Amino acid sequence: IMFIKSSGINAEYGGTEKNVQSLVQVAEQSLKEIGFFVIKNHGISEETIQKTFAISRQFFDLDESEKSKVAMSSEYPYGYEKAEILSQSLTGEGVIPDPKETYNIKVSDPRWPEQPDQFKDIVTKYCDEMWTLTRRILRVFALVLRQSEDFFTDKFPTDNMTVFRQLNYPHVPAGPARIRASQHTDYGVLTILATDKVGGLQVRLPGEEWEDVVSPPGCLIVNIGDMMQRWSNNAWRSTLHRVVKKETQANTDNRRQSMAFFVNPGKDVLIECIPDYQQAGEEAKYPPIRSEDYILSKHYSTVPSLVAAGGKD
């Protein structure tokens, strides 16, 4: 997993043209080989990150009756849930929910819990800072794709489908290693992940072995999703990943928290092969598809209760 200093993206953020080209080369190698990298000097204040972790923990510590007031529904397929089976987005298999709970906010259409106090203000600040970082990363991605810097600009209207997800993995008693989030790929354009010190995130390498993803203090993890793999006609990798509790964590408090900023385009954006990534006479590896159709079909497949409630045709 490569480490990238994100502060050198362009002159606006204090970089130079030489730094930009160097960054593009490093990012391209990472995106083609594994689709994950770790960034530092990202511009998100540590205070903002820790305040958001703390308010997230307060939310998950609430009584179930309070959390269920903002439960995920077919009308608003975000909110609070603890029934997701991520592996179903790949194979349709799996019947036991992943042992975790999540609170999900559509950033362009947020719905807030009544408790805890300050949740809205703290999370809004976090999402605002994440958007600043996202725009910087998308400019680099556009350059790696050999497109103009503003290639992604019109693909993210104000009402885009970006989601902020807070995750809580309750403590697991002593015992063998176990899965906490089943294997999956992310559905959208890119994901920016903040994690605590517990760890457990793993990616599957091309040789099919699993490797731990380590995020040192002050760093964030970035990975691309299925849409980037489709846009690049499989030149970039949307890599399988999962979360595990290792046997070595059995004798300590292994409660785990993470926060994922899922960057998704506008609902009507067409996800199709960029012409530069399609050889003459070659067919695109994927048919075009609307952003909303792809994301929600994947999402509904992981939460069967939404389908039963009429959330999908």
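Residues numbered from 1 in each chain as written. Predicted model: local features only at pLDDT ≥ 70, side-chain atom pairs only at ≥ 80, totals over all residues. Heavy atoms only, no water.

Draft legend 1. Molecular detail of the packing of helix α2 (residues 46-60) against helix α5 (residues 119-144). Between α2 and α5, the shortest axis-to-axis distance is 9 Å and the interhelical angle comes to 135°. In terms of orientation, α2 lies oblique with respect to α5. Where α2 crosses over α5, the two elements pack in a sense that is left-handed. Contact residues: α2 offers T48, I49, K51, T52, I55 and F59, while α5 offers F119, I122, V123, K125, Y126 and E129. Tallied by class, the residues present in the contact of α2 with α5 amount to seven nonpolar, two polar and three charged. (Axes fitted to C-alpha atoms, helices over the stretch in contact; angles between N-to-C directions. Helix = DSSP H or I, 4+ residues; strand = E, 2+ residues; numbered from the N terminus. Parallel < 35°, antiparallel > 145°, perpendicular 65-115°, else oblique. Left-handed = near helix turned anticlockwise from the far one by under 90°. Contact = heavy atoms within 4.5 Å. Nonpolar A, V, L, I, M, F, W, Y, C, P; charged D, E, K, R; others polar.)

Draft legend 2. The arrangement of helix α7 (residues 291-302) in detail. Between its first and last C-alpha atoms α7 spans 17 Å; for 12 residues at 1.5 Å apiece the expected length is 16 Å, and the two agree. Regarding α7, the residues found buried are S291, Y294, I295, L296, K298, H299, Y300 and T302. (Expected span 1.5 Å × (residues − 1). Buried < 20%, exposed > 50% of the residue type's maximum accessible area, 1.4 Å probe, protein only.)

Draft legend 3. Summary view of the nonpolar core. Counting residues in hydrophobic clusters, the biggest one holds 79 residues, and the most contacted among them are F141, F152, L190, I192, L220, M228 and W236. No other element matches α5, which puts 14 residues into this core. (Core = buried A, V, L, I, M, F, W, Y, C linked by side-chain atoms within 4.5 Å.)

Draft legend 4. Representation of α5 in the model. Taking 1.5 Å per residue as the helical rise, α5 with its 26 residues ought to reach 38 Å, and the 37 Å between its terminal C-alpha atoms agrees with that figure. After α5 finishes, the residue R146 shows a positive phi value of roughly 65°.

Draft legend 5. Structural view of the pattern of salt bridges. Inspection of the entire model under this criterion finds 20 salt bridges. For the salt bridge of D154 with K155, the shortest nitrogen-to-oxygen distance reads 3.5 Å. The closest approach of N and O atoms between E282 and K285, which form a salt bridge, is 3.0 Å. Exposure remark for E282: the relative accessible area of 27% places this residue in the partly exposed category. (Salt bridge = Lys/Arg side-chain N within 4 Å of Asp/Glu carboxyl O.)

Draft legend 6. Representation of the pairing of strand β11 (residues 241-245) in the model. The buried count for β11 comes to five of five residues, which makes it a mostly enclosed element. Judged from the four bridges that link them, strand β6 (residues 178-184) and β11 form a sheet pairing that is antiparallel. Within β11, the position partnered with A181 by the bridge is V243. Strand direction decides the pairing type here: strand β8 (residues 201-204) and β11, joined by three bridges, are antiparallel. If you follow V203 over to β11, its bridge partner there is H241. (Pairing = 2+ DSSP bridges.)

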